[in-house]
Structures are given as C-alpha cells and as structure tokens.
Amino acid sequence: MNEIQKLIELKGVFFSYGGVPVLEKVDLQIQEGEFLGIVGPNAGGKSTLLKLILGLLEPQSGHIRVLGKRPKEARQQLGYVPQYPNFPRDFPITVEQAVMIGRLGVRSRHSPFGNLYPGRYNRTDRLAARQALAEVEADNLADRQIGSLSGGQLQRMLLARALVVEPSILILDEPTANIDQRLESDIFDLLKRLNERMSILVVSHDIGFVSGYVTRVACINRTLVCHHADAIDGQVIQELYGENVHMVVHQH
Amino acid sequence: MNEFFAALTQHGFLQSAVVAGLLASIGCGVMGTYVVVKRIAFLAGGIAHSVLGGMGAAVYYGFDPLAGALIAAIISALLIGSVRLQWQAQEDTMIGALWAIGMAVGILFIAKTPGYQTDLMSYLFGNILLVPEKSLWFMAALDALLLIIVGTYHRQFLAVVFDEEFARLRGIPVTFFYLLLLVMVAITVVLLIQVVGLILVLALLTLPAAVAGHYVHSLGRMMLLATLLGSTVSLSGLALSYGPDLPAGPTIILLAGAVYVISALATRAVARRKVRASLPASANRR
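Being a predicted model, the structure only gives us computed values, none of them experimental. (Residues numbered from 1 in each chain as written. Chains lettered and ligands numbered in written order. Predicted model: local features only at pLDDT ≥ 70, side-chain atom pairs only at ≥ 80, totals over all residues. Heavy atoms only, no water.)

J.: Lay out the overall build of chain A with the relevant residues and their values.
T.: Within chain A, the secondary structure is distributed over 9 helices and 9 strands. Of all 252 residues assigned to chain A, the portion counted as buried reaches 53%. A sequence separation of at least 24 residues applies to 69% of the contacts in chain A between residues at least 6 apart. Taken as a whole, chain A presents about 11,500 Å² of accessible surface, with 47% of it coming from carbon and sulfur. (Helix = DSSP H or I, 4+ residues; strand = E, 2+ residues; numbered from the N terminus. Buried < 20%, exposed > 50% of the residue type's maximum accessible area, 1.4 Å probe, protein only. Contact = heavy atoms within 4.5 Å. Areas by Shrake-Rupley, 256 points an atom, 1.4 Å probe, with all protein chains shown as cover.)

Here you go:
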C-alpha cells in the first residue's frame with residue numbers, strides 16, 4: 001500500500017444526468033492520510049462525486065483511479081456511509097446482523113470463491129462487528145432492532161457497518177444531516193480519531209463546521225471551485241455559493 | 001372435523017392433499033418471508049398470473065401443465081427482474097402487462113385445445129384433492145432445492161433484500177442474487193398453484209409471512225413461523241372444507257386472511273397500549 005501516493009485520483013471527470021451536467025472537468029487528488037471535506041451548495045454534485053468514486057456511477061468522460069484501480073475493483077476496500085439509509089426502518093434485523101453484512105466482502109477479498117462464499121458468519125466476523133460497534137460507542141445497541149433506533153443511533157450503526165469492512169478509505173455523505181448539533185461534534189470527534197488509521201472523505205453542507213476538523217476542503221459546485229488547505233474565509237464561500245452567505249464562527 | 005379425520009385414514013387422496021399442503025407451506029414460509037420484507041408482493045403476483053400462459057401452452061401441446069407452469073414462471077421472473085433492474089420507472093406497468101398477457105395467452109391456448117376441455121377452474125383456484133402422487137415428489141424436490149439454496153446463500157440474500165446498494169459495494173453480485181431470488185419465488189408459485197390455484201397464490205405467499213412478522217424479528221424465525229402458520233392454515237382449511245363440501249383453496253385463503261386481519265388488529269392494539277403505558281414512565285426517566 002505504501003507505493004500508492006495518490007489514494008484517489010480524478011482527471012477531467014464529466015458527469016450528467018440525462019444531459020444536465022452535474023460535474024464538469026473535475027480534477028481532484030486525495031493523498032494517503034487526508035481528512036478531506038467536500039463542501040458546496042445543494043445539487044452541486046457532491047453526492048454524485050462520491051458515487052463516481054464508489055463506482056456506483058460511471059463518468060461520461062474523464063478517468064477515476066481509486067487505490068490505483070478502477071473504482072469497481074477498489075470499492076471493497078472502501079467504507080461508505082450514505083446520506084439516507086437505503087433500507088426500510090421496519091426491516092426485521094438487529095443492529096449486529098446489519099453491521100455484520102459489511103463482513104461479506106471482507107472474506108471474499110482473499111477467497112477464491114469470491115462473493116459466492118456460502119454459509120454462516122464466523123467468530124472473526126462476530127468479533128469484528130462487536131469491535132466496530134464499540135468503536136462508535138454503540139455496543140449496547142447490538143441486539144436492538146434497527147426500527148427502534150433514534151436518528152443518532154442509526155447513524156452510528158451505519159458508521160459501524162462501514163468500519164467493519166476494514167476500509168482503507170472511509171467515505172461519508174452528510175453524516176450529520178439528520179441528527180442534532182451535539183451529536184454532530186461527537187461524530188466528527190470520532191472521525192478525527194479514525195483519521196489516524198484511515199483516510200476520510202466527508203461531504204457536508206456545513207462549510208464552517210467541517211473546516212475545524214478536516215485537513216483540506218474541496219468545494220464543488222458543478223466544477224471544483226476551490227481546493228484549500230488553509231482556513232475558509234468569506235471570500236471563498238462567496239466564490240462558491242455566488243452570494244453572501246451568513247457565516248457563523250464555530251469554536252472547537 | 002371428525003368426519004375429515006375419519007376420512008383421512010381411509011382415503012389416499014386426502015393423505016396426498018395433506019402432504020401437498022405441508023410441502024407448499026415450506027415454500028410459502030421461506031420465500032414468502034423474502035417477498036414480504038422486500039415488498040415485492042405485486043411482482044410475485046405478476047409471476048403467478050403470467051404462469052397461466054405456460055400452463056395453457058403445455059396443455060395445448062400435450063405436456064405436463066406443471067412443467068409448463070414452471071418454465072413460464074421462471075421466464076416471467078427473469079423478465080420482470082431484468083426490467084426492474086434496468087428501467088426502474090416502468091416496473092409496475094410492465095408487471096401489470098405481463099400479468100394480463102400471460103393470462104390471455106393461457107386462456108387462448110386452453111380454448112383451442114382440442115377434445116376434452118381441461119378444467120380451467122382448477123388452475124385458477126387449485127384443487128388440492130386432485131394432486132397426483134407424481135406431483136408430490138415434484139413438489140418435494142422443489143422444496144429441497146429452495147432450502148438448499150437459501151441455506152447456502154442466506155447471508156447474500158439478506159444483504160440484497162436489506163440494502164441493494166450496500167450489497168453492491170461489498171462486491172456481491174446483486175443482479176445474480178436478485179434474479180435467483182425471483183426465480184425461487186417463481187418456483188414457490190408453482191408449488192402453491194397445486195394447492196390454491198394461481199389466482200390465490202399471492203395470499204398464501206404473503207399472509208403467513210406477514211403474520212409471522214408481527215411476532216418475530218429475524219428472517220430465519222419469520223421463515224419458521226410462517227411455515228408453521230402456512231401448514232396450520234392449509235390443513236385446517238382442508239379439514240373445514242371437507243364436511244360441507246366447499247372448495248379447499250378459497251377456504252384456506254379465507255382462513256389465512258382472517259388470521260392476518262385479526263393478528264394485524266391485535267398487534268396494533270398492543271402497540272398502542274404500550275405507547276400509552278410508556279408515556280408517563282419515560283417522562284420520569286429523562
């Protein structure tokens with residue numbers, strides 16, 4: 001893994017939904033160990049960018065390399081926390097079972113059977129699920145039905161499900177959009193800790209808030225508007241959103 | 001009822017009916033659970049009804065209607081499944097079209113079958129009393145196949161029915177497992193046609209699993225409970241229908257429907273009482 005300097009590389013990426021361009025000429029490089037915040041207005045293409053990196057969407061032109069491979073080949077090494085859960089909340093499944101699904105791709109990474117590996121989860125899988133839940137301080141939720149979780153608890157479960165994958169890169173789409181502010185800093189404190197072991201890519205609409213945590217910010221509004229290592233100021237925000245935005249200073 | 005048990009010891013056809021009911025219940029419990037949690041009842045209905053096309057063609061060309069049903073069910077499962085994965089917007093229209101086209105084709109074939117007119121009613125509403133022994137073996141083999149596949153790949157199926165996108169990111173071949181799941185639903189439909197006919201299949205596929213979902217909260221337990229409920233309902237329906245000489249299929253379905261309605265109402269009432277009881281307690285706790 002050491003020889004890979006650029007963890008993720010996008011060159012001249014163009015993507016449109018049915019002719020309407022969402023991303024144009026996006027060049028972006030992400031280095032090992034970075035904690036990159038992707039910010040920008042709604043419908044600016046942030047989630048689309050993540051889906052391209054995950055290989056869930058294909059760019060119309062340009063190229064994307066993740067861990068030196070094509071996104072579809074690399075995605076088993078990526079942990080992903082979606083903005084909205086893709087499952088019905090009344091699905092009959094416990095938190096532990098849902099987290100354990102993340103283990104499916106882990107064994108198959110080394111298995112000749114690939115993802116057709118039959119049978120049950122083993123002790124290692126169970127242990128990994130417990131550890132991931134402990135890491136997000138949700139080990140007491142293991143036996144709860146997902147339908148009984150609060151918004152913040154569900155977010156922790158989704159994070160545990162991404163961590164149990166043992167990812168090289170953790171990718172999160174608005175991880176704090178549906179929870180209250182106190183939990184927001186809890187989650188970002190946790191991400192900061194995780195950043196010691198893995199690179200993190202997080203989409204957020206709250207530019208002021210993330211700038212206190214991330215190592216670098218990329219601003220996306222159809223194209224990559226800016227690319228800053230240093231603090232975000234009003235000038236940059238205006239450039240990005242095209243109008244005056246009320247900025248609240250956060251103290252961390 | 002007593003009359004039924006007396007007759008059961010004497011008549012081979014009743015014993016076959018009981019075995020058929022039990023075999024069908026295994027399929028309905030296991031695959032019904034997936035249909036209910038994945039919310040694809042309408043899709044399963046489309047598969048069930050389009051099967052008449054295959055049965056009609058088989059009758060016309062002189063094959064076993066059950067074999068025709070199996071082939072038609074698998075084809076329509078694959079068709080509906082691919083449409084669902086490719087053009088998501090038109091899914092329900094496509095299912096509706098396949099539903100009606102399949103039935104129309106079947107009725108044309110049956111109408112044009114020369115000589116003895118096969119009993120259309122028994123395809124539509126089933127006739128558990130006329131299940132031949134050969135069909136019992138066929139049903140047992142299909143059940144065995146379902147159980148082996150589910151036993152082997154239950155983790156992958158769970159991943160796909162729970163969260164397709166996440167399953168895809170884990171490198172699971174989602175399209176393969178989704179289509180396999182639909183083919184297995186199609187097989188179950190054919191199992192159930194013997195018992196309740198293709199019009200009523202949907203009820204037996206969804207109701208026992210839905211009732212099970214009121215009480216247990218994991219797929220494995222739902223499958224087990226739904227199978228038990230399915231067997232209880234089909235055997236009791238059979239027994240109830242015997243004395244007054246009612247058709248068994250509709251009796252079984254009405255029984256399943258009654259159990260579902262009562263269970264749904266009871267679950268709601270209990271949930272409401274729980275909420276009411278917890279209100280002052282939780283206020284104190286915080």
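So, next bit.
J.: Quick one: what's the story with the sheet that holds strand β4 (residues 61-66) of chain A, residue by residue and with numbers?
T.: All names here are of chain A. An order of β2-β1-β4 is seen for the 3 strands of this open sheet, with the pairing classed as antiparallel. In the strand order of this sheet, the two ends are held by β2 (20-31) and β4, each with one partner. Taken over all neighbouring pairs, the strand axes of this sheet differ in orientation by 15° on average, direction set aside. Packed onto the sheet, helix α1 (residues 46-53) meets β1 (6-17), β2 and β4 and runs at close to 120° relative to β1. (Pairing = 2+ DSSP bridges. Axes fitted to C-alpha atoms, helices over the stretch in contact; angles between N-to-C directions.)

J.: Tell me about the side chain of B:Lys38, residues and numbers included.
T.: For B:Lys38, the position within the fold is in helix α2 (residues 12-38). Owing to a relative accessible area of 16%, B:Lys38 belongs among the buried residues under this scheme.

J.: Before we move on, could you go through the packing of α2(B) against helix α10 (residues 219-242) of chain B and cite the residues and values that matter?
T.: Residue and element names in this part refer to chain B. With their axes 7 Å apart at the nearest point, α2 and α10 run at an angle of 145° to one another. At the point where α2 passes α10, the crossing takes the right-handed sense. Of the residues assigned to the contact of α2 with α10, the class counts are 17 nonpolar, 8 polar and no charged. (Left-handed = near helix turned anticlockwise from the far one by under 90°. Nonpolar A, V, L, I, M, F, W, Y, C, P; charged D, E, K, R; others polar.)

J.: Account for the interface of chain B and chain A, naming residues and giving values.
T.: Chain B puts 26 residues into the contact, and the matching count from chain A is 36 residues. Overall, the association of chain B and chain A removes approximately 2,800 Å² of surface from exposure, summing both partners, and the carbon and sulfur fraction of that is 61%. Looking only at chain B, the three residues that lose the most surface to chain A are B:Arg155, B:Phe162 and B:Arg170, adding up to 32% of its buried area. At the junction of chain B with chain A, the criterion picks out 3 salt bridges. The partner of A:Asp90 in a salt bridge is B:Arg39, with the nearest N and O atoms 2.8 Å apart. Linking chain B with chain A are 8 residue pairs in polar contact (both at pLDDT 80 or more), by the criterion used here. (Buried area = accessible area lost by both parts, 1.4 Å probe. Salt bridge = Lys/Arg side-chain N within 4 Å of Asp/Glu carboxyl O. Polar contact = N/O pair within 3.5 Å; in protein donor to acceptor, adjacent residues only side chain to side chain.)

J.: Provide a residue-level description of the side chain of A:Arg216, including the pertinent values.
T.: Along the chain, the position of A:Arg216 falls in strand β8 (residues 216-221). A polar atom in the side chain of A:Arg216 sits 2.6 Å from the backbone oxygen of A:Gln29.

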